[in-house]
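Structural description and commentary
Here are the chains, one letter per residue:
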Amino acid sequence: MKKLMTIAVITATAALSSCSTYDVEYDVSLCAIERVEILETTNKVERKELATSSDKNLYEDDFIKTNWIYSKTIFNFEMENKTDRTITINWDAAAYVDAEGRAGKISHSGVKYMDMEKSQVISVIPNESYITNSIYPIDNVYYDADYNNAIKRLKNKVGWQHLPIIPSKYKSAEQRKKWAPYYVGKNIRFVLPLTINDKLYEYSFYFRINNYKAFKDMEN
């Protein structure tokens, strides 16, 4: 857990230091989990809706234990394998669904930005061990080649950049007042296919956008 918290603090600090004039920060928490067992022999899908623990970002079942931290442009997570067999994550079949219902591919830490459209190597979690990782929608990643802009260089705004997972940058206080509340109450989710004990499970982690706070307006 300490490694995950360290990653989250670094990411959150970077996000706060790069706030534009009318930025907002959303409170996001894990609200529900759906586990689907894919039965290949019968072509049957069995669904099981699972509640979260009393800690709003922790989830645990007989197979895994996870801890999630939302950090504006990415989600940090830790996943523990509670079984006596290896668990794998198939990143090529993983997906993200945004607040509007649009689905897209995701990538994660350890994958080079230039390779995120390619097939990704599975993650392996040996029995009674855990991994830490960061995931993000690849549609939110872009390359800014404006190296002649001294201000962008100073703020580390050139090269590979991430858009916020939830739109949070506005051009005016009026625009922020109109659109920031729009996302409150909506859900976003990540779908992770896990192979556990030679069976395929599709985990959907749902996150609720609970509220937001506006940063103090600053002059450019």
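Residues numbered from 1 in each chain as written. Predicted model: local features only at pLDDT ≥ 70, side-chain atom pairs only at ≥ 80, totals over all residues. Heavy atoms only, no water.

Brief notes about the overall build of the protein chain
Of regular secondary structure, the protein chain possesses 3 helices and 15 strands. Residue burial in the protein chain is summarised as follows: out of 220 residues, 41% are buried. The long-range fraction of contacts in the protein chain, counting pairs at least 24 apart against all pairs at least 6 apart in sequence, stands at 66%. By element, 51% of the accessible surface of the protein chain is carried by carbon and sulfur atoms, the whole surface being about 12,500 Å². (Helix = DSSP H or I, 4+ residues; strand = E, 2+ residues; numbered from the N terminus. Buried < 20%, exposed > 50% of the residue type's maximum accessible area, 1.4 Å probe, protein only. Contact = heavy atoms within 4.5 Å. Areas by Shrake-Rupley, 256 points an atom, 1.4 Å probe, with all protein chains shown as cover.)

Considering the side chain of S29
The topology assignment puts S29 in strand β1 (residues 24-39). When neighbours within four sequence positions are excluded, S29 is seen to be in contact with K56, N57, Y206, F207, R208 and N210.

Here's the deal with the packing of aromatic side chains
Two aromatic rings are characterised by how far apart their centres lie and by the angle between their planes. Here the structure, examined in full by the defined rule, presents 20 aromatic pairs. Aromatic side chains Y26 and Y183 sit 6.3 Å apart centroid to centroid with 85° between the ring planes, which places their arrangement in the edge-to-face category. Residue Y26 is located in strand β1, and its partner Y183 is located in the loop between α3 (173-179) and β14 (187-196); the two are separated by 157 residues in the primary sequence. Residue class for Y26 comes out buried when judged on its relative accessible area of 5%. Take Y183: its relative accessible area is 13%, and that puts it in the buried class. (Phe/Tyr/Trp six-rings, centres within 6.5 Å; stacked < 30°, edge-to-face > 60°.)

A short note on the nonpolar core
Core analysis: the biggest nonpolar cluster contains 38 residues, and Y26, F75, Y203 and F205 have the highest contact counts within it. Contributions of two or more residues to this core are made by β1, β4 (64-70), β5 (75-81), β6 (87-89), β11 (130-137), β14 and β15 (199-214). Other than its neighbours up to four places away in sequence, F75 contacts V28, W68, I69, Y70, N133, S134, I135, I165, I188, F190 and F207. Listed in part, the 6 residues of the second largest apolar core include V111, M116, Y136 and I138. (Core = buried A, V, L, I, M, F, W, Y, C linked by side-chain atoms within 4.5 Å.)

Quick word on the pattern of salt bridges
By the definition in use, this model includes 9 salt bridges. Of the charged contacts, one joins K213 and E25 as a salt bridge, the two residues approaching to 3.5 Å between their closest N and O atoms. With K213 in strand β15 and E25 in strand β1, the pair connects residues that are 188 residues apart, well separated along the chain. We classify K213 as partly exposed; its relative accessible area is 49%. We note a salt bridge from R35 to D61, for which the minimum N-O separation is 3.1 Å. Placement of R35 in strand β1 and of D61 in the loop between β3 (58-60) and β4 is noted, with a sequence separation of 26 residues between them. Of the two residues, R35 and D61, neither departs from the other in class, the shared state being buried. Each of D23, K72 and K169 takes part in one network of salt bridges that share partners. (Salt bridge = Lys/Arg side-chain N within 4 Å of Asp/Glu carboxyl O.)

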